[in-house]
Amino acid sequence: MRTSFYQYSLQDLFDLFQAHDLHPAGVSRLYNWHYKKKKITPCVDEVAKKTIDFVKKNFDFSLPQIIKTQVSDDKTVKLLFELEDKFTVESVIIPFQGKYTVCLSSQVGCAMNCSFCHTGLQGLKRQLKTEEIIGQFMSAGLWLLEHRPDDYQIQNVVFMGQGEPLHNFEAVKKSCEIFLSQHGLSLADHKITISTAGYLPGLKRWVTEGMPDVNIALSLHSPFKEKRDKLIPINKNFDLSEVLPLVDSIPTGRKRFVTYEYLLIKDFNDSLEDAHATGKLLAGKKAFINLIPFNPFPLSSFERPEKEKIEAFRTTLESYQIPTLVRVTKGDEILAACGQLNTGLKKQS
Ligand code: SAH
């Protein structure tokens, strides 16, 4: 039976080639052919006949199928993918500083059950495989190449789509290895960000087993236990007093920051008292705060605060010398913004 090519890190391929007595030079050629040249047919370029036969016999290059595309006025694109077992997940392509950021899903649905998140409210269906994560990226790249041939470069990857990436540790870790691999996609390590709700077992694995040197973002949303419990139920088991030291201990590469995401919800966590407590909690850390005004979705009961409130919150945080940015909402009208992704759910048979 053929297996997906997109599940193999460069090292995996070297091992596989060695086990089958194939010339190791073929490994980087394959990576180059599929990832740099974006080919989805077997490589026939400067590879030994024996390798070509092996590849044709053993590897599958199919990608998750795009079954729906939505493009918003700001050029954000939401892609709906159908997986082999008919489950669906979404990725979002976001224009950013003349290039693109791709927001990837790591799971079908999510087990975290966060009260403000469209995806989280629907439970976990299953983990995504490495090849399905890489597949989203590849399909997004091919979509851009076809529809925006003059402007198709993806520079950043964020694990901020559906799912809790650290709850699918192995596949996310391997995907990062593939993204960073020099003969392949060659993304820079500081261009990849894994966002977590504070899933402690995953953070522990990050620290003990290691992860490629990528950025970490923590969804903080409140410095107060009671409020954070209400927003992110896993906070009841994985308290910030345990989560924050672990996040701090993750090496963040040259002079980099940990990003703390703070979802701003009207009359819930948007007061100056909330801002001061957050500032005190993070002051002195290598922190960068991303304020995310709540993005509404059908039947959600939360609201987004007014502009002045958001601005006052930001200024207060900055008085603690913490750089703070209000995340501009992209793709809102096509429900492609943070927390609006849905659909991982029903099998569409
Ligand atoms: N599970 C990961 C990544 C997925 S969500 C995590 O929790 O970090 C990416 C970001 O979008 C998180 O910070 C999440 O809290 C935020 N988010 C979820 N729903 C949202 C909504 N309705 N409006 C704004 N941000 C939301």
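Residues numbered from 1 in each chain as written. Predicted model: local features only at pLDDT ≥ 70, side-chain atom pairs only at ≥ 80, totals over all residues. Heavy atoms only, no water.

Undergrad: Can you explain the overall build of the protein chain? Please cite residues and give values.
TA: Scanning the protein chain from N- to C-terminus turns up 10 helices and 14 strands. On C-alpha atoms alone, the protein chain measures out to a radius of gyration of 21 Å, which is about the 20 Å that the 2.2 N^0.38 rule sets for 349 residues. By principal-axis analysis of the C-alpha atoms, the protein chain measures approximately 70 × 40 × 35 Å. For the protein chain, with 349 residues in total, the buried portion stands at 53%. Sequence-distant contacts in the protein chain: of pairs separated by 6 or more residues, those separated by 24 or more amount to 68%. For the protein chain, the accessible surface area stands at approximately 15,500 Å², while carbon and sulfur atoms represent 53% of it. For the protein chain, the distance from the average site of its 44 positive side-chain charges to the average site of its 41 negative ones is 3 Å. (Helix = DSSP H or I, 4+ residues; strand = E, 2+ residues; numbered from the N terminus. Rg over C-alpha atoms; globule rule 2.2 N^0.38 Å. Buried < 20%, exposed > 50% of the residue type's maximum accessible area, 1.4 Å probe, protein only. Contact = heavy atoms within 4.5 Å. Areas by Shrake-Rupley, 256 points an atom, 1.4 Å probe, with all protein chains shown as cover. Lys, Arg positive; Asp, Glu negative; His and termini not counted. Charge placed at Lys NZ, Arg CZ, Asp CG, Glu CD.)

Undergrad: Lay out the packing of aromatic side chains in plain terms, naming residues and giving numbers.
TA: By the definition in use, this model includes 19 aromatic pairs. Three or more aromatic residues joined by ring pairs make a cluster, and in this case those are F5, Y6, Y8, F17, Y31, Y35, F54, F59 and F61. Positioned above the aromatic ring of W33 is the side chain of K39, whose terminal nitrogen or guanidinium carbon lies 5.4 Å from the ring centre. (Phe/Tyr/Trp six-rings, centres within 6.5 Å; stacked < 30°, edge-to-face > 60°. Lys NZ or Arg CZ within 6 Å of the ring centre and 35° of its normal.)

Undergrad: Residue-level account of the packing of helix α5 (residues 169-180) against helix α6 (residues 200-209), with values.
TA: For the pair α5 and α6, the least separation of the axes is 11 Å and the interaxial angle reads 50 degrees. Our classification of the angle between α5 and α6 gives oblique. Handedness of the α5/α6 crossing: right-handed. On the side of α5, the interface is formed by F169, E170 and K173, while α6 contributes G202, R205, W206 and E209. (Axes fitted to C-alpha atoms, helices over the stretch in contact; angles between N-to-C directions. Parallel < 35°, antiparallel > 145°, perpendicular 65-115°, else oblique. Left-handed = near helix turned anticlockwise from the far one by under 90°.)

Undergrad: Pulling in residues and values, what's your account of the pattern of salt bridges?
TA: If you walk through the whole model with that rule in mind, you get 22 salt bridges. K266 is the salt-bridge partner of E303, the closest N and O atoms lying 3.9 Å from each other. On the criterion of sequence distance, the pair formed by E303 in the loop between β13 (287-293) and α10 (307-318) and K266 in the loop between β12 (258-264) and α9 (272-282) is long-range, its members being 37 residues apart. The salt bridge involving E311 is made with R314; its shortest N-O contact spans 2.5 Å. (Salt bridge = Lys/Arg side-chain N within 4 Å of Asp/Glu carboxyl O.)

Undergrad: Before we move on, can you summarise the sheet that holds strand β11 (residues 215-219) with the specific residues and values?
TA: Judged by pairing direction, the sheet is mixed, and its 10 strands sit side by side in the order β3-β4-β5-β6-β9-β10-β11-β12-β13-β14 without closing on themselves. Two strands close off the open sheet at either side, each with one partner strand: β3 (65-71) and β14 (324-326). Across the sheet, the mean angle from the axis of one strand to that of its neighbour is 25 degrees, orientation sign disregarded. Across 6 bridges, strand β4 (residues 77-82) lies against strand β5 (residues 88-96) in antiparallel orientation. Its bridge partner lying in β5, K78 is registered against V92. (Pairing = 2+ DSSP bridges.)

Undergrad: Tell me about helix α4 (residues 130-147), and name the residues and values.
TA: Between its terminal C-alpha atoms α4 stretches 26 Å, which fits the 26 Å expected from 18 residues at 1.5 Å a residue. In terms of burial, α4 is largely enclosed, as 14 of its 18 residues are buried. (Expected span 1.5 Å × (residues − 1).)

Undergrad: Break down the domain arrangement of the protein chain for me, with residues and values.
TA: The figure often quoted for interface size is the accessible area lost as the parts come together. As far as domains go, the protein chain holds domain 1 (3-60) and domain 2 (65-334). With centres defined by C-alpha atoms, the gap from domain 1 to domain 2 works out at 32 Å. Taken together, the contact between domain 1 and domain 2 spans 15 residues of the former and 16 residues of the latter. Carbon and sulfur atoms make up 68% of the area that domain 1 and domain 2 hide from each other, which totals about 1,300 Å². A per-residue breakdown of the area domain 1 buries against domain 2 is headed by Y6, Y35 and K38, which together make up 40% of the total. Across the contact surface, domain 1 and domain 2 share 1 salt bridge. A salt bridge links D12 to K174, with the shortest nitrogen-to-oxygen separation between them at 2.7 Å. Our count for the domain 1 to domain 2 interface comes out at 5 residue pairs in polar contact (both at pLDDT 80 or more). (Domains from an automatic or database assignment. Buried area = accessible area lost by both parts, 1.4 Å probe. Polar contact = N/O pair within 3.5 Å; in protein donor to acceptor, adjacent residues only side chain to side chain.)

Undergrad: If you had to explain the pairing of β11 to someone new, which residues and values would you point to?
TA: Most of β11 is tucked away: 5 of the 5 residues are buried. Burial along β11 is two-sided: the residues N215, A217 and S219 and I216 and L218 are all buried. Here strand β10 (residues 192-196) pairs with β11 via 4 bridges, running parallel. For T193, the partnering residue across the bridge sits in β11 and is N215. You can see the chain leave β10, run along α6 and come back into β11, and the turn it takes is right-handed. The sheet contact formed by β11 and β12 spans 3 bridges and is parallel. When the sheet's bridge partners are listed, S219 is paired in β12 with E261. (Right-handed = clockwise from strand over helix to strand, strands pointing away.)

Undergrad: Give me the side chain of Q107: which residues, what numbers.
TA: Within the element layout of this structure, Q107 appears in strand β7 (residues 107-109). In this structure the side chain of Q107 is engaged in a polar contact, spanning 2.9 Å, whose partner is the side chain of Q127. A polar contact is formed between the side chain of Q107 and the side chain of H167, at a distance of 3.0 Å. Discounting chain neighbours no more than four positions away, the residues touching Q107 are V89, L124, R126, Q127, L128, Q162, G163, E164, H167 and N168.

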